[in-house]
Amino acid sequence: MSKKRSIYKIKDKLTPHLLILPSILAFALFMFWPLIRTIYLSFFSWNMVKPTKIFVGLNNYIEIFNNPLTYKIMGNTFLYILILLLINFVAPYILSFILSVVITKAKGFYKSIIFLPSVISLVVGSILYLWILNPISGPAAVIANWFGITLPVWTKTDGLVIVILSIITSWKIFGYNFIVVLAGVSGVSNEVIEAAKLDNIPMYKIFIDIIIPMSSATGIYVLIMTIVQGLQYVFTPIKVITQGGPNYASSNAIYNVYQEAFVLYKTGTASAFAIITMALFIVLLILEFKYVEKGVHYEN
């Protein structure tokens, strides 16, 4: 009996590990191995064509930090993050509060309309916005001409090109973020909100002091996803419309890695840039968990 019990104990311990083993293998195959390979390639000079690689040590990293374009690209990256957070994190929170607390009718209609662009291809959206915002013949230019306004060529204007590309990206991801935030905001107790209204507390105070703290668990998820997914999605309009131009004014860290690797065939530099970008995001995540996560409210 003791042997049978020991066998059952071993099976009980091994079964969970065996069940999770396929996921671990898939994760290792598609995550850990590419990461190790990228770190390895960052110490070599290779164009993906030659059969041999030249070991250059830290020269790829030194070249990146000595290149002025690196700091321009990183500045663009943080500007993308800031604009995407304003549009896809702050705005959905305010809109979710209005739809959940202020507006009482036609909520389903508003939710459907806002979420609809999320199911449309971002490539299609990029081409659509390229036509709408055409400074010569697009609908926006026609309307602007009625008021005597001339639209700038935004694809060739530093700063403005990042704003427009962020808006195009937000058109795709805004709806998903809105639905997730709305679920968190709708989960806030109505009794607390009604009690605040009876005490004649202004709506903006209800939003700041009640809604945000009590839905912060959802908010922190949307915050992280906005940064991570936003920079991934913005790659598409950059590729379709500007290809990083003019003069790297619209490029960001992720697009620059692609350009270095698959356009210029500088695999070592691309790998080093990818590792530096990953390190920066790890630092951001550490800061987020250290300073932001502490204020998150979990109901249970």
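As the structure is a computational prediction, the values presented were derived from the model and not from experiment.

**What about the UniProt feature "transmembrane region" (unreviewed entry) in the protein?**
Reasoning step 1: Following the UniProt record, the feature "transmembrane region" (unreviewed entry) maps to residues 20-43, 78-101, 113-132, 160-185, 206-228 and 268-287 here.
Reasoning step 2: Secondary structure within residues 78-101 divides into 100% helix and 0% strand; the distance between the first and last C-alpha atoms comes to 33 Å.
Reasoning step 3: Split by type, residues 113-132 is 70% helix and 0% strand. Its first and last C-alpha atoms lie 19 Å apart.

**Section: the layout of surface pockets**
Reasoning step 1: By volume, the largest pocket amounts to about 1200 Å³.
Reasoning step 2: In terms of lining, the largest pocket is formed by 38 residues, of which the most central are Ile254, Ala274, Thr277, Met278 and Phe281.
Reasoning step 3: By residue number, the principal contributor to the lining of the largest pocket is helix 13 (residues 267-292), which donates 14 residues.
Reasoning step 4: Here the residues of the lining of the largest pocket are counted per class, giving 31 nonpolar, five polar and two charged.

**With respect to the pattern of salt bridges**
Reasoning step 1: Within the structure shown, the criterion is met by four salt bridges.
Reasoning step 2: The closest approach of N and O atoms between lysine 197 and glutamate 194, which form a salt bridge, is 3.9 Å. Pair noted here: lysine 197 and glutamate 194 are both in helix 8 (residues 190-198), with a separation of three residues, about one helical turn.
Reasoning step 3: Under the relative-accessibility criterion, glutamate 194 is labelled partly exposed at 42%.
Reasoning step 4: Where glutamate 260 meets lysine 266, a salt bridge forms, and the shortest distance between an N and an O atom there is 3.9 Å.
Reasoning step 5: The class for glutamate 260 is buried, based on a relative accessible area of 10%.
Reasoning step 6: Given the relative accessible area of 33%, lysine 266 is considered partly exposed.

Conventions adopted
Residues numbered from 1 in each chain as written. Predicted model: local features only at pLDDT ≥ 70, side-chain atom pairs only at ≥ 80, totals over all residues. Heavy atoms only, no water. UniProt positions renumbered as here; feature names shortened; annotations may be inferred. Helix = DSSP H or I, 4+ residues; strand = E, 2+ residues; numbered from the N terminus. 1 Å grid on protein atoms, 1.4 Å probe; cavity = no way out; pocket = protein on both sides within 12 Å on 5 of 7 lines; lining within 4 Å. Points joined across faces, edges and corners; volume = space filled by probe spheres on them. Nonpolar A, V, L, I, M, F, W, Y, C, P; charged D, E, K, R; others polar. Salt bridge = Lys/Arg side-chain N within 4 Å of Asp/Glu carboxyl O. Buried < 20%, exposed > 50% of the residue type's maximum accessible area, 1.4 Å probe, protein only.

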